Every structure is written in structure tokens, then in C-alpha cells.
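Architecture at a glance
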Amino acid sequence: MLFVPLLLVGTLFPAIQATWLTKCELHKRLKDIFGYKDITAAEWICTIFHTSGFDTQAKVSNNGSTEYGLFQISNKHWCKSEQIPQSKNICNIPCEKLLNDDLTDDIACAKKILDRKGMGYWLAYEALCSEQLEQWLCKDL
């Protein structure tokens, strides 16, 4: 009898499908940012792994703000959300758009962050992604 209620719940509340990309998928989808400001593909892949776990729908609360998407872009300065209506919204984008699988706007915003803050914006970069990066390369390409 437990099956019927679970089936009903599954029908009424379908699961939101998160997309976890592999490092090889990221190599293909993020080619427009590799080399920008001399940041290599391996540095980006490593940073994204330690930032969002390759999850395009990652959403993390952080000291009164929220970080969105693959690049964990904060609504405090970079995107617009109801949580922080006074956000500077430097990337001129609703934060929710950073949670879909179209990475075009995510990449554009990440480039703006890189222009203004450098890779230091992503705390994982210096601590975990500045040396011994061979493991982050896609050997299938």
C-alpha cells in the first residue's frame, strides 16, 4: 500500500532534474572561457569541481546571500534575486537563469567576474587549483 502514495507524490511533485556534467562535457561546453585572461581549461575545470561539483543547478546559501549555478555566482553583486533586491546585478541577469543548462550567460558573467575580481573570486582556485592539474584534463579530446 505504500506504493500508491509514493506514486501519487511522484506524479504531483516531479523531481527537478539537476545536471551534473563530467569534466569532458565541461571541456566541450566551456571552450569559450578557456584561455580567457590566461586561465587554462584544467584550472577552470578544477575550480568548478571544487565550487559546484559540476552541478549546473547548484544553489548555496552563504552569509545572507546565495550563490548560483556552475560558477557559484553571488546574488550580492552579480545577479538579481528577490532575496537581495538591492543587488548591483553587474551581470544584468536574473540569478535563476544561472541554474539552467544553457551556459552562455554563466560564461559571460564569469568573464565579468574575472575582469573585475580575477580568479581570487573563486576561493577554491588558489587553494586547490593552482598546481598539479593533469587530473582535470579530458583525455578523450
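Residues numbered from 1 in each chain as written. Predicted model: local features only at pLDDT ≥ 70, side-chain atom pairs only at ≥ 80, totals over all residues. Heavy atoms only, no water.

An unreviewed UniProt entry annotates the protein as Alpha-lactalbumin of Tupaia chinensis. Under the Subcellular location (unreviewed entry) heading, UniProt states for the protein: "Secreted". Word for word, the UniProt comment on the protein under Sequence similarities (unreviewed entry) is "Belongs to the glycosyl hydrolase 22 family." (UniProt positions renumbered as here; feature names shortened; annotations may be inferred.)

Evaluation of the coordinates by the stated rule reveals 4 disulfides. Disulfide pairing places Cys91 opposite Cys109 at an S-S distance of 2.0 Å. Taking the torsion about the sulfur-sulfur bond, which here is approximately 80°, the covalent link between Cys91 and Cys109 counts as right-handed. One end of the pair, Cys91, is in the loop between strand 3 (73–74) and helix 4 (104–117); the other, Cys109, is in helix 4, with 18 residues separating them in the sequence. Assessed through its relative accessible area of 10%, Cys91 is described here as buried. Overall, the relative accessible area of 1% leaves Cys109 in the buried class. Once the bonded cysteines of the protein are numbered in order along the sequence, the disulfide links fall as 1-8, 2-7, 3-5, 4-6. (Disulfide = S-S within 2.5 Å. Helix = DSSP H or I, 4+ residues; strand = E, 2+ residues; numbered from the N terminus. Buried < 20%, exposed > 50% of the residue type's maximum accessible area, 1.4 Å probe, protein only.)

Structurally, Glu82 can be placed in the loop between strand 3 and helix 4. With relative accessibility at 80%, the residue Glu82 sits in the exposed group. The spacing of Glu82 and Cys95 is 13 residues in sequence and 9.3 Å in space, taken between C-alpha atoms.

Another aspect to go through is the sheet that holds strand 2 (residues 65–68). Ordered by their spatial adjacency, 3 strands build an open sheet running 1-2-3, and the pairing between neighbours is antiparallel. Looking at which strands have only one partner, the edges of the open sheet turn out to be strand 1 (59–62) and strand 3. Note that strand 2 and strand 3 share 2 bridges and pair antiparallel. Bridge pairing in strand 3 places Glu67 opposite Ser74. (Pairing = 2+ DSSP bridges.)

Tracing the backbone through its elements, the reader meets Glu67 in strand 2. Despite its burial, Glu67 pairs with no opposite charge; the closest candidate is Lys76, at 9.3 Å N-O. Not counting residues up to four positions away in its chain, the partners in contact with Glu67 are Ala58, Lys59, Val60, Asn62, Gln72, Ile73 and Ser74. (Lys, Arg positive; Asp, Glu negative; His and termini not counted. Salt bridge = Lys/Arg side-chain N within 4 Å of Asp/Glu carboxyl O. Contact = heavy atoms within 4.5 Å.)

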